[in-house]
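# Close look at the chain arrangement
Residues per chain, in single letters:
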Amino acid sequence: MGSGFAFPILGEGPGTTPRINSLLIKPVSAVCNLDCAYCFYLDREADPYKDLPGRAMTLEILERLVDTYLFYSYPNSVFAFQGGEPTLAGLRFYEKLVEFQKQYGRDGQAVSNALQTNAILINEDWCGLLREYNWLVGVSIDGPEAMHDRYRVNRGGQGTWRRVMRGIEILQKHKVEFNVLCVLSQANVEHPREVYRFFRSIGVDNIQYIPLAEFDGQGNPLPFTITPQQYGRFMLETFEIWWPERRRVRIRLFDNIAEALAGHKPGNCTMHETCDSYVVVEYNGDIYPCDFFVERDWKLGNIMEDSWPEIARRQRRLSFASKKTLPRPECRACEYDPICHGGCPKLRHGPNRRFEDLDYFCEAYKMIYARCLEPLRKEVARLCGPESVRELHPVSPY
C-alpha cells in the first residue's frame, strides 16, 4: 500500500502502565502485487527483510500471536492487517485467524479485525468472511482513473484502477462496508473537488486522505511529494464541499479534530501525545514501534520469544514514544499544539533525519486548524453540549 493506514487505533494515556492496545500485522511483510511509484517500502536500505525472496507468516506464528495477545489484551483486542498487500497471505490464513480467535478468546472479550487492501484480489469468497465477521475494510484508491494510474501501477507498469474498481464493486454487491484511503500526491492534490465528487459518485461515504512526503538521501522531496501549501489548500477546499453534507460523509481528519475538541483521543496516531498507540508485527514475529521505522535499531522483540508485557515496557519502545515530545519552542507557543502534539515523527525525521525538526506539514496543519476548528467546535457543542468542548491552551515556551 502507500503511506498510511485507515484503521482506528486506541492509545494509552500518559502516566498509565505501558500497554499495547492494537496490532498492525504484516503477514507478508512488504511484499505486494503492485509496484506503486511512491510506496515508502521501495528501495529502503534500512529494511531488514528486503533481500528475502519469500515472506509469509506461518500458522504457527499466527496461532502464537492470537493466543498470547488475547491473553494479554483483555477486554478489547484489535488486529489490523496491512502490507505490502495482506490478501497475498490467502483467504485460508484469515479463516484460521478467526478460528484461533474463537479458540483463545474469553467470555466478554471483544475482538476486532481490520484489513487495508488494494482490493485487487477481492472476490466473493473474501466478502463472505469480511461480512460475516464485520471486518473494517480500507481500500486504497487515489481518485479517478487518470489520477490513480499515474503512480499506482502493477509490475508491468500498467494502471490498476479498473481492477481496484472491480474489487470495490464486489464489496458493494455483497454489502461489505469499507472506507477508502486516498494518498495525496502530485497526481491529485490540485483537484480536491474532483477527487471528492468521484468518491461520492461511487457511493463512498468514509474517506481518509494521506498526504505524501518522501525524501531522497539529501533531504530533497521526491517528485511525487506534495508541498505543505498544496496539502493545506486541498483539505480546505475539501472542507468547504464536505461541510454541507457532513452528517452523511465522514472524512477522517475532520473526525479526528472533532474527537480532540470533544476531549477524546483521536483515532489517528499523528494527533496523539506520544507514539505508543500500536506496534507492528512482521511476518516472522518481529515487533517494531511504527511501520515507518521497521529497522534493526528499532526492533522491540519477537512474539515467539518475548511476552507482550515485556515488549510494552522495553526501553526502546519508550524511547521511540518520547520522540514526539522532544521540545520545540514553536510548538509549545502554538495555539494548535494541544491538538497537533508536534505532528508525526516520520514527517519530522524524514527530510533531515532529525526528530527535533518540525513536522514537514506544519504549515498545512495551521491552515487547516485556522479554518476548521471553530465550525467543528460549534458542531461538537451542538451535538454533545457546550460543556463537552475542550478548551485549548498552548504551553508557554518560557
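The coordinates are above.
Anyway, here's the lowdown on the structure attached to this text. (Residues numbered from 1 in each chain as written. Predicted model: local features only at pLDDT ≥ 70, side-chain atom pairs only at ≥ 80, totals over all residues. Heavy atoms only, no water.)

With that settled, consider the pairing of strand β6 (residues 206-211). Among the 6 residues that make up β6, 5 are buried, leaving the element largely enclosed by the rest of the structure. Two strands pair when backbone bridges link them, and strand β5 (residues 178-184) and β6 are joined in this way by 5 bridges, in the parallel orientation. Considered in β6, the bridge of Cys182 is made with Tyr209. (Buried < 20%, exposed > 50% of the residue type's maximum accessible area, 1.4 Å probe, protein only. Helix = DSSP H or I, 4+ residues; strand = E, 2+ residues; numbered from the N terminus. Pairing = 2+ DSSP bridges.)

On inspection of all chains with the given rule, the structure shows 21 salt bridges. In this structure, the salt-bridge partner of Glu99 is Arg92, at a minimum N-O distance of 3.2 Å. Across the pair Glu330 and Arg328 runs a salt bridge, and its minimum N-O distance is 2.6 Å. Taking the relative accessible area as the measure of exposure, Arg328 reaches 17% and is therefore buried. (Salt bridge = Lys/Arg side-chain N within 4 Å of Asp/Glu carboxyl O.)

In this section: the sheet that holds strand β7 (residues 250-251). The mixed open sheet is built from 10 strands, whose spatial order is β7-β6-β5-β4-β3-β2-β1-β8-β9-β10. The two strands at the open ends of the sheet, each matched to only one other strand, are β7 and β10 (301-302). Inspection of the sheet shows strand β8 (residues 279-281) paired to strand β9 (residues 286-288) by 2 bridges, in the antiparallel sense. What sits directly across from Val280, in β9, is Tyr288. Running over the sheet, helix α1 (residues 59-72) touches β1 (22-25), β2 (76-81), β3 (110-117) and β8 and is turned about 150 degrees from β2. (Contact = heavy atoms within 4.5 Å. Axes fitted to C-alpha atoms, helices over the stretch in contact; angles between N-to-C directions.)

For the coordinates displayed, the defined rule picks out 32 aromatic pairs. A centroid spacing of 4.8 Å and a plane angle of 50 degrees characterise the contact between Phe40 and Phe292, whose relative ring orientation is tilted. In this pair, Phe40 is assigned in the loop between β1 and α1 and Phe292 in the loop between β9 and β10, connecting sequence segments 252 residues apart. For Phe292, a relative accessible area of 18% corresponds to the buried category. Judged by centre distance (5.7 Å) and plane angle (80 degrees), the ring pair of Tyr94 and Trp135 falls under edge-to-face. You can see Tyr94 sitting in helix α2 (residues 91-104) and its partner Trp135 sitting in the loop between α3 (124-132) and β4 (136-140), a full 41 residues away along the chain. By the ring-pair criterion, three or more aromatic residues cluster together here, those being Phe81, Phe93, Tyr94, Trp126 and Trp135. Note that Arg246 overlies the ring of Trp243, its terminal NZ or CZ placed 3.9 Å from the centroid. When the ring centre of Phe292 is taken as reference, the NZ or CZ atom of Lys346 above it lies at 5.0 Å. (Phe/Tyr/Trp six-rings, centres within 6.5 Å; stacked < 30°, edge-to-face > 60°. Lys NZ or Arg CZ within 6 Å of the ring centre and 35° of its normal.)

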